[in-house]
Amino acid sequence: MIGLLRGELLKSVTTRAVWGFAAGGMAFAVLNAVIIAVASGTIDEVSEKEEALSGLPVLLLLWGLVGAAGEYRHRTAAPTALVARRDRGTVLAVRIAAYALTGLGLALLTSAVAVGVGLPLLAHQPGPDLTSGQVAEVVAGNVLALVLATVMGAAFGALIRSPVVGAVVLLILNLVVLPLVSGVWEREANLTPFGAAGVMTGGTHNTTLTVTQAGAVFAVWTVLVVLVAVGCERRRDLA
């Protein structure tokens, strides 16, 4: 099992895609901090300052989806299962775990960039500065949201099996469906995976959910998607 996990980790960190998404995550962290802390004008509320340190979970969700779906596009899923001599569901579960570990590394990297760029810029804004505890809470929420997004993306990728179709569906859900739902049922939208991720990263302020509650909501959605993906994997042909 350790060997299988090591192999899946190696595949996840040696593709060109992971470096592209890492660069994208860092670029967003810098751009977000600059826009909120400088270009948006005067900010003096703690919630606004926390938003300057927020991450972009949908980016890592897309990376997990594209990476896992690519296993089927390039027909490497079947040989992996045969060589590992493991149940197909077990192989997928290990693959998702590998993406979770790699996603953790990406989450820590982008969070470090956000804090390193954002805090010096926020120091010039009026109002109370963010305390170390508040910064730690924002970072913890961001890291957890990004890891859960990676796991959910990998599970979705295994279900859909097509990187292109998966990416289109994901973007439609995030950019079209969620805004429509939020416009009609704002509170209920925070109970969706995207809504909960927004609360966790500090991007959503008008909510009754705490970061911990949003994390629980996102975790439940993620577990459900993973269970469905693993269950379906056991019942279908990998070829």
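Residues numbered from 1 in each chain as written. Predicted model: local features only at pLDDT ≥ 70, side-chain atom pairs only at ≥ 80, totals over all residues. Heavy atoms only, no water.

## Notes on the overall build of the chain
How we decide: For the purposes of this entry, the term helix denotes a DSSP run of H or I that reaches at least four residues, the term strand denotes a run of E that reaches at least two, and both are numbered from the N terminus. Using a 1.4 Å probe on the protein chains alone, a residue whose accessible area is under 20% of its type maximum counts as buried, one over 50% counts as exposed, and one in between counts as partly exposed. Note on definitions: a residue-residue contact is assigned when non-hydrogen atoms from the two residues lie within 4.5 Å. For the accessible areas, the method is Shrake-Rupley and the probe is 1.4 Å, while residue cover comes only from the protein chains on display.
Across its full length, the chain holds 11 helices and zero strands. Buried positions account for 45% of the 239 residues belonging to the chain. Partitioning the intrachain contacts of the chain with sequence separation of at least 6 by distance along the chain shows that 80% fall at a separation of at least 24. Here the chain has roughly 11,600 Å² of accessible surface; of this, 69% comes from carbon and sulfur atoms.

## What to know about the layout of surface pockets
Heads up, the rule is: Only protein atoms enter the 1 Å grid used here. Points where a 1.4 Å probe fits but cannot escape make up a cavity, open sets with protein on both sides within 12 Å along at least five of seven lines make up a pocket, and a residue lines them when an atom lies within 4 Å of a point. Grid points are joined across faces, edges and corners, and a volume is the space filled by probe spheres set on the points. For this classification, Asp, Glu, Lys and Arg are treated as charged, while Ala, Val, Leu, Ile, Met, Phe, Trp, Tyr, Cys and Pro are nonpolar and the rest, including Gly, are polar.
There is about 410 Å³ of room inside the largest pocket. Forming the boundary of the largest pocket are 23 residues, of which Leu-56, Pro-57, Phe-194, Gly-198 and Thr-201 lie nearest the centre. Those elements giving two or more residues to the lining of the largest pocket turn out to be helix H2 (16-39), helix H4 (57-73), helix H8 (163-184) and helix H10 (193-201). The leading source of residues in the lining of the largest pocket is H10, at five residues. By residue class, the composition of the lining of the largest pocket is 12 nonpolar, 10 polar and one charged.

## Regarding unusual backbone geometry
A positive phi is found at Arg-161, a non-glycine position, where the angle reads about 70 degrees. Among the secondary structure elements, Arg-161 is positioned in the loop between helix H7 (132-160) and H8.

## Some details on empty space enclosed by the protein
The final tally for this structure, using the stated rule, is two cavities of 30 Å³ or more. Space inside the largest cavity adds up to approximately 110 Å³. As for the largest cavity, its lining consists of 16 residues, of which Gly-25, Gly-55, Leu-56, Thr-110 and Leu-146 are closest to the centre. Broken down by secondary-structure element, the contributors of at least two residues to the lining of the largest cavity are H2, H4 and helix H6 (88-122). With five residues, H6 is the single largest residue contributor to the lining of the largest cavity.

## Re a nonpolar patch on the surface
Rules: Like charges are joined within 9 Å and nonpolar side chains (Val, Leu, Ile, Met, Phe, Trp, Tyr) within 5 Å, but only among residues with over 30% relative accessible area and no salt bridge; these make up the patches. Put simply, a salt bridge is a Lys or Arg side-chain nitrogen that is within 4 Å of an Asp or Glu carboxyl oxygen.
Nonpolar side chains collect at one region of the surface, where Val-164, Val-165, Val-168, Val-169, Leu-171, Ile-172, Leu-173, Leu-175, Val-176, Val-177 and Leu-180 lie side by side and expose about 920 Å² of accessible area between them. With respect to the helices and strands, the residue Leu-180 is situated in helix H8.

## Description of the nonpolar core
Short version of the rule: Buried Ala, Val, Leu, Ile, Met, Phe, Trp, Tyr and Cys residues that are joined via side-chain atoms within 4.5 Å together make up what is termed a nonpolar core.
One finds Trp-63, Leu-92, Ile-96 and Phe-218 to be the most contacted residues of the largest nonpolar core, which totals 45 residues. Of all the secondary structure elements, the ones that give two or more residues to this core are H2, H4, H6, H7, H8, H10 and helix H11 (211-233). For this core, the element with the most residues is H7, which contributes 11 residues. In this view, Ile-96 contacts Val-151, Ala-154, Ala-155 and Val-226; residues no more than four positions away in its chain are not counted.

## Considering the confidence of the model for the chain
Let me state the cut-off plainly: Summary of the metric used: pLDDT quantifies the predictor's per-residue confidence within the range 0 to 100.
Looking at the chain, the pLDDT average stands at 82 and 86% of residues meet or exceed 70. Confidence, expressed as mean pLDDT per element, reaches its minimum in the chain at helix H5 (residues 77-84) with 54 and its maximum at H7 with 92.

## Side note on H10
Among the nine residues of H10, nine are classified as buried, and the element is accordingly described as predominantly covered. Looking at H10, one finds that the buried residues are Pro-193, Phe-194, Gly-195, Ala-196, Ala-197, Gly-198, Val-199, Met-200 and Thr-201. Downstream of H10 by a residue or two, Gly-202 has a phi angle that is positive, lying close to 85 degrees.

## Some words on the packing of H7 against H11
Rules: Axis lines are fitted through C-alpha atoms, for helices just across the contact stretch, and the angle between N-to-C directions can take any value from 0 to 180 degrees. Angle categories: roughly parallel below 35 degrees, roughly antiparallel above 145, roughly perpendicular from 65 to 115, and oblique for all the rest. Note on convention: the crossing is left-handed when the near helix lies turned anticlockwise from the far helix by less than a right angle, right-handed when the turn is clockwise.
At a minimum axis distance of 9 Å, the contact between H7 and H11 shows a crossing angle of 20 degrees. With respect to each other, H7 and H11 are oriented roughly parallel. Read as a crossing pair, H7 and H11 show a hand that is left-handed. Of the residues in H11, those in contact with Glu-137, Gly-141, Ala-145, Leu-148, Ala-149, Val-151, Met-152, Ala-155, Phe-156, Ala-158 and Leu-159 of H7 are Val-211, Gly-215, Phe-218, Ala-219, Trp-221, Thr-222, Val-225, Val-226, Val-228, Ala-229, Cys-232 and Glu-233. Taken together, the residues of the contact of H7 with H11 sort by class into 18 nonpolar, three polar and two charged.

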